[in-house]
Amino acid sequence: MTAVPEWMRPPRPEGWYADDLDHLPEAPRHTELIDGALVFMMSPQRAWHGRAVSAFLFALTEQAPAGVEVEREMTIRLDERNRPEPDLLATKAPSYDPDRTYYTPDEVLLVVEVVSPESAHRDRNVKLRKYAEAGIANYWRVEDEAGSPVVHAYELDGPTRSYVATGIHRHELRTTTPFAIKLDLDGLVPGRKS
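Below: a short report on this structure. Please read these numbers as outputs of a predicted model, since none were measured by experiment.

## Some points on helix 2 (residues 120–133)
Here is step 1 of the chain: A rise of 1.5 Å per residue sets the reference length of helix 2, with its 14 residues, at 20 Å; its end C-alpha atoms lie 19 Å apart and thus fit the reference within 8%.
Here is step 2 of the chain: Maximal helix bending in helix 2 amounts to about 40°, located at K127.
Here is step 3 of the chain: Turning to helix 2, its buried residues are A120, R122, D123, V126, K127, K130, Y131 and A132.

## A short note on the pattern of salt bridges
Here is step 1 of the chain: Here the structure, examined in full by the defined rule, presents 19 salt bridges.
Here is step 2 of the chain: In this structure, E113 engages K127 in a salt bridge whose closest nitrogen and oxygen atoms are separated by 3.0 Å. With E113 in strand 7 (residues 108–114) and K127 in helix 2, this residue pair connects regions lying 14 residues apart in the sequence. A single burial state applies to E113 and to K127, both of which are buried.
Here is step 3 of the chain: In this structure, E133 and R129 form a salt bridge, with 3.7 Å as the shortest nitrogen-oxygen distance. A residue pair is termed a helical-turn pair when its members lie 3 or 4 positions apart in one helix, as E133 and R129 do in helix 2 at four residues.
Here is step 4 of the chain: The partly exposed category is assigned to E133, whose relative accessible area is 45%.

## Looking at helix 1 (residues 47–63)
Here is step 1 of the chain: For helix 1, built from 17 residues, the straight-helix expectation of 24 Å at 1.5 Å per residue is met to within 8% by its first-to-last C-alpha distance of 24 Å.
Here is step 2 of the chain: All buried positions along helix 1 are accounted for by W48, H49, A52, V53, S54, A55, F56, L57, A59 and L60.

## Quick word on the pairing of strand 9 (residues 148–157)
Here is step 1 of the chain: The element strand 9 is largely enclosed, with a buried count of seven among its ten residues.
Here is step 2 of the chain: The pairing of strand 8 (residues 138–145) with strand 9 spans eight bridges and is antiparallel. Bridging across to strand 9, R141 finds its partner in H152.
Here is step 3 of the chain: The loop that links strand 8 with its antiparallel partner strand 9 comprises two residues; one of these, A146, has a positive phi angle of about 55°.

## Quick look at the sheet that holds strand 5 (residues 88–91)
Paired through backbone hydrogen bonds, the strands of a sheet run either parallel or antiparallel to each other.
Here is step 1 of the chain: The mixed open sheet is built from six strands, whose spatial order is 3-5-7-8-9-10. At either margin of the open sheet sits one strand with a lone partner, and together these are strand 3 (69–72) and strand 10 (162–169). Neighbour-to-neighbour, the strand axes of the sheet open up by a mean angle of 20°, direction not taken into account.
Here is step 2 of the chain: Two strands pair when backbone bridges link them, and strand 3 and strand 5 are joined in this way by four bridges, in the antiparallel orientation. Paired with V70 across the strands is A90, a residue of strand 5.
Here is step 3 of the chain: On the sheet, helix 1 packs against strand 3, strand 5, strand 7, strand 8 and strand 9 and is oriented at approximately 165° with respect to strand 3.
Here is step 4 of the chain: Against the sheet, helix 2 makes contact with strand 7, strand 8, strand 9 and strand 10, and its axis sits at roughly 170° relative to strand 8, the strand it touches most.

What counts, and where the lines are drawn
Residues numbered from 1 in each chain as written. Predicted model: local features only at pLDDT ≥ 70, side-chain atom pairs only at ≥ 80, totals over all residues. Heavy atoms only, no water. Helix = DSSP H or I, 4+ residues; strand = E, 2+ residues; numbered from the N terminus. Expected span 1.5 Å × (residues − 1). Bend = angle between axes of the 7 residues up to and from the residue. Buried < 20%, exposed > 50% of the residue type's maximum accessible area, 1.4 Å probe, protein only. Salt bridge = Lys/Arg side-chain N within 4 Å of Asp/Glu carboxyl O. Pairing = 2+ DSSP bridges. Axes fitted to C-alpha atoms, helices over the stretch in contact; angles between N-to-C directions. Contact = heavy atoms within 4.5 Å.

Next up, the structure:
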């Protein structure tokens, strides 16, 4: 049995805090904090996942209005013990800060998670609940359906701090929330042009 490196040991009995992520240079690049526990993305990434994330990034960036920025793989500090890293997020952050390492829920308009086998449970259940509880207005979960992206869209019901499903989008997505967006979903992933 291999010994656990010292840097992986939590600094306190209750686990890790959100700010601890900024002081773990040994951690893998894609490290999240869920309920005080470090979650590492160690599985090889499927080409479909990478291409879907890039395609959504470019399409959303192109359609985002002034004052809205689309970021890839930046953490959100939901609270003291949760700092997940979504695949994409649309933000209304006041200005570009090259040293920024996370966003706060009040700055986030939309979170997009592209589901992969290793993240499926977290994306479909854990993060869905945590993003809603933090007050993030819109959540998209992107699933691979025969090579085409299918978007499961959710909108926050403010009083209950829970998400309401607003649609399952195949082939095309049109919405005005959080801004006007029109996507040809079949055409987003190379090899699936309509």
